[in-house]
Number of protein chains: 2
Amino acid sequence: MKVLILGGDGYLGWPTAMHLASRGHTVAVVDNYLRRTLWLQTGVRPLFEVPDLTGRIARWAERSSDNIGCYIGDLRNWSFVEHVFKDFQPNAVVHYAEQPSAPYSMMGREEAFLTLRNNLEVTANIIFAVHEFCQTAQIVKLGTMGEYGTPNIDIEEGWLPIEHNGRKDKFLFPRQAGSLYHTTKIQDTDLLWFYVRTWKLCVTDLMQGPVYGVKTEECANDPMLFPFFNYDEIFGTCLNRFIVQAAVNYPLTVYGKGGQQRGYLNIQDTVNCVRLALENPAQPGELRIFNQFTEVFSVNELAERIATVGKQLGLNVKIKSIDNPRVEAEEHYYNPRHTGLLELGLQPNLLTDDILSEMLELALSYKDNVDLNTIFRSRKWR
Amino acid sequence: MKVLILGGDGYLGWPTAMHLASRGHTVAVVDNYLRRTLWLQTGVRPLFEVPDLTGRIARWAERSSDNIGCYIGDLRNWSFVEHVFKDFQPNAVVHYAEQPSAPYSMMGREEAFLTLRNNLEVTANIIFAVHEFCQTAQIVKLGTMGEYGTPNIDIEEGWLPIEHNGRKDKFLFPRQAGSLYHTTKIQDTDLLWFYVRTWKLCVTDLMQGPVYGVKTEECANDPMLFPFFNYDEIFGTCLNRFIVQAAVNYPLTVYGKGGQQRGYLNIQDTVNCVRLALENPAQPGELRIFNQFTEVFSVNELAERIATVGKQLGLNVKIKSIDNPRVEAEEHYYNPRHTGLLELGLQPNLLTDDILSEMLELALSYKDNVDLNTIFRSRKWR
């Protein structure tokens, strides 16, 4: 399969590229280094430096026989999109090319507009490019579990049959998100669902929960192949942030009551899920939706798990509830289904103490890099 | 009340401006003449010429004691938005400022992007402007019944309580639209609903059906005050198009089977509905939704009504089913509620034979203006 990975420099894009290449697919990555640019603008750094795409691809070529293709440019620019699609002629497109931070999208008007424009215009360009240049190619889109929010009913996988006044129909599961970033993902879903029906596109929308971890099989122990890893409030996901906080003796930043529950997954499972979706494609005219996570935890549960494992490593992990900068329910019902990817063959890597230990040890090995000032600056939603 | 009408040059924006001014509100209009620009680009003209906003406002001032304010500029441009909001200091904003044509939004990529960018960026700018400059002002947004599409269940007014596996919650009524234009209105709803919850905005979303007619009380019989009126396939609404087709002996263009049902309303009812919403505002943190139409008709029913009334006027009205350029159900269940605006006091002006006669006579008086070539050029959705 010829797979084009949009956002191929990202936390998940790069591991996905290596994984698909190692499984025999022909892979090219596309990126405009938006996330690295936003680091500069917001004054944050990842836990450790990683090479740029040229460097990563060269390193990967040294360790494998794979030549991963590379296109650097902005997918909001149609002439660039046209060049990439005509040149590579993909039969599958994996779409990670979005401004990925909820807190960033809530910093102000400029940040909101960058998120809105980037995410919707890239998604729209991909739809038009597939329609124009590779009509039968499948699109695998990274959505987010955050699109559903925290409803008081069980969360199904994307769709909900509804009976109302004695009549029935099936609809997209109701969506109401907690940030502008998550709202743009809902808007992406609206766009994809319209064009799936109208142009018979083949789309899989992966509603992913927060991802944790660094290592996938392919990067093994070569830091030159690691994905980048953020521990700051803006770009770091919850578990990754806590791990670094624990390593540098910074009290774990639990927002409010800490009863917020989410579905988490290991970065190894992310790359497996994307591959399983690609190797078992959606049909023309189908918007197939999977909930992509393996376990549900509350923020408090994660904090306590890390405190326990930290103690075994001789760390004195403190937990501190802080005034919640977000607007969200801090205690709520949460029961999302996640059977579709298991049925395709996913073998989950659950969050064991060994995995937490390994993550903590990695963070400890880089702890001199941590800028304590960027861990929490209280970027408020209101 | 100080009411800012965004898109105040439009088919509905201008009659709304006169209506609110005549009822004692202080009114200013904002427009960038987008629709007039798109007429030029797509080669269509309205049934009769109307003055620009300066001319309309001068004419209205001659006939009343009202001075309607006027700002010409693009609401995608933040510095213009900032100027307008600081200068006028509204306590209510009526938002019509959208690319309003479904067929236009389906013509190609450029047209799709203009629609997506214009509609979402203007809506986002309005949200940020109200939050920044007039936090307690209410927003009255024109949505569309087309957001719901044609589900197989009764359509409620915006919201649907759902019971699932023994638990309950209330959600936005499921939305799945039939064009990119309608999809951008769903995306507007997503955006408004997120910021209503997060910033406690006061929003009324009016899910309006296709509007017909020319005359409101305020324009009376002065053609200088008429709204513009399109009869072409791109900018004309269904009933308005049929009326002009009947007047020029062009077979009524029924798309496919003609069983498509929609909720229609008279232009007089539109201005009354918007005023009723403004005078009975939503609460802070409320997204209040009304279905804004008065009667449901199928396309075939409208065509037959016009044929009957045309016969009384000596016209030989032909009806012709043509290959449907759109992707839509041509026969479907349709039962939308519309009680909220009636409860606020709306007195509907239903589609009587007298109203059809009056519209036909107006069209006949301008029939020499009609360019037959622009009536139907089959802009296809696929």
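Just above, that's the structure.
Rules and cut-offs
Residues numbered from 1 in each chain as written. Chains lettered and ligands numbered in written order. Predicted model: local features only at pLDDT ≥ 70, side-chain atom pairs only at ≥ 80, totals over all residues. Helix = DSSP H or I, 4+ residues; strand = E, 2+ residues; numbered from the N terminus. Rg over C-alpha atoms; globule rule 2.2 N^0.38 Å. Contact = placed C-beta atoms within 7 Å. Nonpolar A, V, L, I, M, F, W, Y, C, P; charged D, E, K, R; others polar. Pairing = 2+ DSSP bridges. Axes fitted to C-alpha atoms, helices over the stretch in contact; angles between N-to-C directions. Buried ≥ 20, exposed ≤ 12 C-beta atoms within 10 Å, placed from the backbone. Least-squares fit on C-alpha atoms with pLDDT ≥ 70 in both. Parallel < 35°, antiparallel > 145°, perpendicular 65-115°, else oblique. Left-handed = near helix turned anticlockwise from the far one by under 90°. Expected span 1.5 Å × (residues − 1). Arc of directions from axis to C-beta.

Draft legend 1. Representation of the overall build of chain A. Counting its secondary structure elements, chain A contains 12 helices and 14 strands. Whereas a compact globule of 382 residues would reach a radius of gyration of roughly 21 Å, chain A reaches 20 Å, a difference of no more than 12%. Projected onto its principal axes, the C-alpha positions of chain A cover 60 × 55 × 40 Å. Long-range contacts, defined as pairs at least 24 residues apart, comprise 82% of the intrachain contacts of chain A with a sequence gap of at least 6.

Draft legend 2. Here's a closer look at the interface of chain B and chain A. With 37 residues of chain B at the interface, the matching set in chain A holds 37 residues. Going through the elements one at a time, α6 (109–133), β6 (159–164), β7 (167–172) and α7 (180–199) of chain B are the ones with two or more residues in the side of chain B that touches chain A. Examining the composition of the side of chain B that touches chain A, we find that 11 residues originate from one element, α7 of chain B, more than from any other. When the residues that make up the side of chain B that touches chain A are grouped by side-chain class, the tally is 22 nonpolar, seven polar and eight charged.

Draft legend 3. The arrangement of the sheet that holds strand β5 (residues 138–144) of chain B in detail. Residues and elements named next belong to chain B. Ordered in space as β3-β2-β1-β4-β5-β8-β12, the seven strands form an open sheet in which the pairing is parallel. Only two strands of the sheet have a single partner each, and these edge strands are β3 (69–72) and β12 (286–292). When the angles between neighbouring strand axes are averaged without regard to direction, this sheet yields 20 degrees. In this sheet, strand β4 (residues 92–95) lies alongside strand β1 (residues 2–6) in parallel orientation, the contact comprising four bridges.

Draft legend 4. Summary view of unusual backbone geometry. Residue and element names in this part refer to chain A. For tyrosine 33, which is not a glycine, the phi torsion comes out positive at approximately 55 degrees. Looking at where tyrosine 33 falls in the secondary structure, it is placed in the loop between β2 (26–31) and α2 (34–42). Given 16 C-beta atoms within a 10 Å radius, tyrosine 33 is considered partly exposed. At serine 378, a position not held by glycine, the phi torsion is positive, near 55 degrees. Among the residues examined, serine 378 registers 12 C-beta atoms within 10 Å and is labelled exposed.

Draft legend 5. How the structure looks around the relation of the copies chain B and chain A. For these two chains of identical sequence, chain B goes onto chain A by a turn of 180 degrees and a shift of 0.0 Å along the axis, with RMSD 0.0 Å. The superposition of one copy onto the other is thereby described by a two-fold rotation axis. Nearest to the rotation axis, the C-alpha of glutamine 187 of chain B is located 2.7 Å from it, this being the minimum over chain B.

Draft legend 6. Seen up close, the environment of arginine 326 of chain B. Residue and element names in this part refer to chain B. Among the secondary structure elements, arginine 326 is positioned in the loop between β14 (319–322) and α11 (340–343). You can call arginine 326 partly exposed: it has 18 C-beta atoms within 10 Å. Taking the C-alpha atoms as reference points, arginine 326 and proline 103, 223 residues apart in sequence, are found 8.3 Å from one another.

Draft legend 7. Spotlight on the pairing of strand β8 (residues 202–208) of chain B. Residues and elements named next belong to chain B. The buried count for β8 comes to seven of seven residues, which makes it a mostly enclosed element. Here β8 shows no split at all, with Cys202, Thr204, Leu206 and Gln208 on one side and Val203, Asp205 and Met207 on the other all buried. Across seven bridges, β8 lies against β12 in parallel orientation. Among the inter-strand pairings, glutamine 208 is bridged to a residue of β12, identified as glutamine 292.

Draft legend 8. Expanded view of the sheet that holds strand β8 (residues 202–208) of chain A. All names here are of chain A. One open sheet accounts for seven strands, arranged β3-β2-β1-β4-β5-β8-β12; its pairing is parallel. Looking along the sheet, the strands with just one partner apiece sit at the ends: β3 (69–72) and β12 (286–292). Averaged over all pairs of adjacent strands, the angle between their axes in this sheet comes to 20 degrees, without regard to strand direction. Examined bridge by bridge, strand β5 (residues 138–144) and β8 share seven bridges and lie parallel to one another.

Draft legend 9. Region of the structure containing the packing of helix α6 (residues 109–133) of chain A against helix α7 (residues 180–199) of chain A. Residues and elements named next belong to chain A. Orientation of α6 relative to α7, taken along the N-to-C sense of each, is 20 degrees, at an axis distance of 10 Å. Regarding the angle of α6 to α7, the classification is roughly parallel. Judged by the twist between their axes, the crossing of α6 over α7 is right-handed. Contact residues: α6 offers Ala112, Thr115, Leu116, Asn119, Leu120, Thr123, Ala124, Ile127 and His131, while α7 offers Leu180, Tyr181, Thr184, Gln187, Asp188, Leu191, Leu192, Tyr195 and Trp199. A per-class count over the contact of α6 with α7 returns 11 nonpolar, six polar and one charged.

Draft legend 10. Layout of helix α12 (residues 353–365) of chain B. Residues and elements named next belong to chain B. Here α12 is 13 residues long and its end C-alpha atoms lie 18 Å apart, about the 18 Å a rise of 1.5 Å per residue gives. Along α12, the positions that sit buried rather than exposed are Leu356, Met359, Leu360, Leu362 and Ala363. Buried residues of α12 fall within an arc of 160 degrees about the axis and therefore sit on the same side. Across from the buried face of α12, at angles greater than 90 degrees, the exposed residues are Asp353, Asp354 and Glu361.

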